[in-house]
Amino acid sequence: IPMLMPAYAEQLKLDGVADARLSFGAQGVESVDAKLEAVVVDFDSGRLRLGPFDGVIPWRLHEPTRLALNIGGGQWERLQLDPFTLRVETNGYFASVAQTIVPVLDGQLVFNNLALERKEDGWHGRGELIVEPISMNLLSEALGWPTMSGILSASLPALVVTPGLLSFDGTFVVSLFEGYIHANGFQLIEPFGVAPHLKTHLEARNLNL
């Protein structure tokens, strides 16, 4: 993982068992065969934690490969993620991720058509994110916020990944306080940095405070 995200290597901690074989050539690493058993990835002292990972990773610089990883859940801040499976097709530094469903509380995050490419300055990619309805009551409780009623849902047809920035073309809709909030033009800046921050446009209507 530090090889995939060298800019954040100092913030990554790994635990578990990994058996890996690497082959080097004129272009550096040209093949990897790794078996992961109960590997846990901890980013930024627990701010983001994923695992345990179990599965086999084959990768070739000049050949297409496929991999499947079973991920036993995770945690982002105070929010718990349930287990899910990650299936990826690779071809050199290009990766295509099959539809991935991540259960969250009583809803789920659905990633579609996610394609990533590693370039000299980092990872670039595009995809689609759908947030299937999540109870605001459960979400506010999980995040330690004041109790809120309503639901959160979203359809983001253009998730764009660039180094240091995640942007979303689409709308989050939060049903809240007998009204609703629309949020669009999302930009998550330095999502893995020391001080990540969010820019967006909000429209609130009919809120009963």
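Residues numbered from 1 in each chain as written. Predicted model: local features only at pLDDT ≥ 70, side-chain atom pairs only at ≥ 80, totals over all residues. Heavy atoms only, no water.

Here's the deal with the nonpolar core
Step number 1: Grouped together as the largest cluster of nonpolar side chains are 36 residues, with contacts concentrated most on Phe 53, Met 136, Leu 139 and Phe 172.
Step number 2: When residues no more than four places from it in sequence are discounted, the contact partners of Phe 53 are Leu 36, Glu 37, Ala 38, Val 39, Val 41, Leu 69, Asn 70 and Ile 71. (Core = buried A, V, L, I, M, F, W, Y, C linked by side-chain atoms within 4.5 Å. Buried < 20%, exposed > 50% of the residue type's maximum accessible area, 1.4 Å probe, protein only. Contact = heavy atoms within 4.5 Å.)

A closer look at the environment of Val 131
Step number 1: As for its placement among the helices and strands, Val 131 is situated in strand β11 (residues 122-135).
Step number 2: For Val 131 and Ala 154, which are 23 residues apart along the polypeptide, the C-alpha to C-alpha distance reads 4.8 Å.
Step number 3: Residues in contact with Val 131, not counting those within four places in the same chain, are Gln 108, Leu 109, Leu 152, Ser 153, Ala 154 and Phe 172. (Helix = DSSP H or I, 4+ residues; strand = E, 2+ residues; numbered from the N terminus.)

Some remarks on the pattern of salt bridges
Pairs can form between side chains of opposite charge once their charged atoms are near each other.
Step number 1: Using the criterion set out here, one finds 5 salt bridges in the structure.
Step number 2: The salt bridge partner of Glu 89 is Arg 66, with a shortest N-O separation of 3.3 Å. Here Glu 89, found in strand β7 (residues 84-91), pairs with Arg 66, found in strand β4 (residues 64-71); they are 23 residues apart in sequence, far enough to count as distant.
Step number 3: Given a relative accessible area of 64%, Arg 66 falls into the exposed group.
Step number 4: The structure contains a network of salt bridges with shared partners spanning Arg 21, Asp 33 and Arg 60. (Salt bridge = Lys/Arg side-chain N within 4 Å of Asp/Glu carboxyl O.)

Let's talk about the side chain of Ser 140
Step number 1: By the element assignment, Ser 140 lies in helix α1 (residues 136-142).
Step number 2: Residue classification places Ser 140 among the buried residues on the basis of a relative accessible area of 0%.
Step number 3: Contacts of Ser 140, omitting those with residues within four sequence positions, involve Trp 145, Pro 146, Thr 147 and Met 148.

A word on unusual backbone geometry
Step number 1: Omega for the peptide link from Gly 51 to Pro 52 comes to 5°, which places this bond in the cis form.
Step number 2: Relative to the assigned elements, Pro 52 resides in strand β3 (residues 48-60).
Step number 3: Although it is not a glycine, Ala 38 adopts a positive phi angle of roughly 55°.
Step number 4: The class for Ala 38 is partly exposed, based on a relative accessible area of 42%.
Step number 5: Positive phi is not limited to glycine here, since Asn 206 has a value of about 60°.
Step number 6: If you trace the backbone, Asn 206 turns up in the segment after β15 (197-205).
Step number 7: Take Asn 206: its relative accessible area is 61%, and that puts it in the exposed class.

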